[in-house]
Amino acid sequence: QFPMPIPPVKSPAMTITNPVTGGPIDYYEVYINHFQQQIYPNKGPADMVGYDGIAPGPTFLIEKGRESVVRFVNNATMATSVHLHGSYSRAPWDGWAEDVTTSGQFKDYYYPNSQSARFQWYHDHAIDHTAENAYFGQAGGYIIHDPAEDALNLPSGYGIYDIPLILSAKQYKSNGKLFSPASETDSLYGDVIHVNGQPWPFFNVQPRKYRLRFLDASISRTFRLYFQRSTGSTAKIPFQVIASDAGLLTGPVTTDNLYISMAERYEVVFDFSTFAGQNITLRNYEDVGQDDDYLHTDKVMRFVVSSTPVTDTSVVPTALATVDFPTPAGPTVDHHFEFERTNGEWRINDIGFADVANRVLANVPRGTVELWELENSSGGWSHPIHIHLVDFKVLSRQNGRGNTVYAYESQGLKDVVWLGPGETVKVEAHYAPWDGVYMFHCHNLIHEDHEMMAAFNVTKLLD
Ligand code: C2O
Ligand code: CU
């Protein structure tokens, strides 16, 4: 077992002035580079491609309201497109799949950063190749921080008591290189679980509270996480979920297990104070959806708790944030989407993304609240559905997992919702602030690359 790395913080190359507002814009440069990563000490290195030549890429720490421009320079051989997942970026900088930057080119992306504090992430979105590109390393964290959060006195300090845990699952060949998902058409669940790029790592902690920011950056694997002592009692240890995709929940939700599917983010506070001198294992259920289990996919990582007592003044307040839930639109479903498998292809309402003439499946007047019903009609498969631009409220879940909307899903806003086998979920969102054509799709990236993606057009308001 090796220690868990913490992705380094990205620094701006310079600060420029917004010519319109006079405010500062931080300018960053990221290089998409080929590199090698030694995963198995006794085998060859794995060939990877990542942001600044590391995987996960560097973490952006952004103050809410401070704009940024990021130049992504493509020094790699493949075409790339960068999506900042969780940001209401304007359409030209949203990582549209066909808006690719080819080898040797660069593109400057502008981000407003004015949403609620949240754990966003940036990843590749290139047409037909998103799964390989994300899997071989093009993914990283982008955290928006709001000073209002500091007043809560949650455990804080990036890499100190506020820790990103970027999960992924991959598969290696006997020569130490990665097995590629390029020719897969269904899923690649992966038998090797990584946290921040390191398989089954350990992390040294103090006996106190930590804020753990989970992101499932796997291309096909959904996790159902729980904590357990590494030896002795096998009881699941409760923890508090404090935030999801769009930031803080209204209040903490106590649970002893947590579903997290691809591209979802959940932040939890785990209190190690009663485990001084012990080891805690972060584990994964078996039989999650219909994902394949392998020998060690029921384990994720280990926390090694120091025996030296520390003072911990951080708290988890009972009220965390005022969440900007959309004004209810009423019971009428505005759009119904079926996620299905037809003629060996993954489709939405029987349309694949390659069907250019028909792939805009909804026109939504800007500024309206709409209720969308997402139905998984593909049999035993699961599909985490991501809608670009908006944050939505998960209203209901039918069939599948006991008609349950988990409190940690509904007490905050989301941009991805997991449709487990057979499930139908209703989500409500305020389609704002911009107009433009945006994507929505399954975040099993192999499904996305094989046509389970479409677009919606947020149309201008007419006077
Ligand atoms: Cu995280 Cu359209 O993607
Ligand atoms: Cu899918």
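Here, every reference points to the structure presented above.
Attention here is on the structure that accompanies the text. (Residues numbered from 1 in each chain as written. Chains lettered and ligands numbered in written order. Predicted model: local features only at pLDDT ≥ 70, side-chain atom pairs only at ≥ 80, totals over all residues. Heavy atoms only, no water.)

### Regarding the overall build of the protein chain
And step 1. Along the backbone of the protein chain there are four helices and 31 strands.
And step 2. In summary, the protein chain has a C-alpha radius of gyration of 21 Å against a globular reference of 23 Å for 463 residues, a match within 12%.
And step 3. By principal-axis analysis of the C-alpha atoms, the protein chain measures approximately 65 × 50 × 50 Å.
And step 4. Carbon together with sulfur atoms contributes 51% to the accessible area of the protein chain, which is approximately 17,100 Å² in total.
And step 5. Charged side chains of the protein chain number 33 positive and 53 negative; the gap between the two group centres comes to 6 Å. (Helix = DSSP H or I, 4+ residues; strand = E, 2+ residues; numbered from the N terminus. Rg over C-alpha atoms; globule rule 2.2 N^0.38 Å. Areas by Shrake-Rupley, 256 points an atom, 1.4 Å probe, with all protein chains shown as cover. Lys, Arg positive; Asp, Glu negative; His and termini not counted. Charge placed at Lys NZ, Arg CZ, Asp CG, Glu CD.)

### Remarks on unusual backbone geometry
Most peptide bonds take the trans form, and the phi angle of most residues other than glycine is negative.
And step 1. Cis geometry marks the peptide bond from A55 to P56, where omega comes out at -5°.
And step 2. Mapped onto the elements, P56 comes out in the loop between strand 3 (46-51) and strand 4 (57-63).
And step 3. Positive phi outside glycine occurs at N196, with the angle close to 50°.
And step 4. With respect to the secondary-structure elements, N196 resides in the loop between strand 11 (192-195) and strand 12 (198-199).

### A short note on the sheet that holds strand 31 (residues 453-459)
And step 1. On the basis of which strands lie adjacent, the open sheet formed by five strands has the order 24-31-30-26-28 and mixed pairing. Each of the sheet's edge strands pairs with one partner strand only, and the pair in question is strand 24 (360-365) and strand 28 (416-419). Taking the axes of each pair of neighbouring strands and ignoring which way they run, one obtains an average angle of 20° across the sheet. (Pairing = 2+ DSSP bridges. Axes fitted to C-alpha atoms, helices over the stretch in contact; angles between N-to-C directions.)

### Details of the coordination of the copper ion (ligand 2)
And step 1. Coordination of the copper ion (ligand 2) by the protein comes from H383 (ND1), C442 (SG) and H447 (ND1), over a distance range of 2.0 to 2.1 Å.
And step 2. Here the donor residues of the copper ion (ligand 2) are spaced in sequence according to H-x58-C-x4-H. Linking H383 in strand 26 (residues 383-387) with H447 in helix 4 (residues 445-449), this pair joins segments that are 64 residues apart in sequence. Per residue, the accessibility class of H383 equals that of H447, and both read buried. (Donors = N, O, S within 2.8 Å, 3.2 Å for Na, K, Ca; no water. Buried < 20%, exposed > 50% of the residue type's maximum accessible area, 1.4 Å probe, protein only.)

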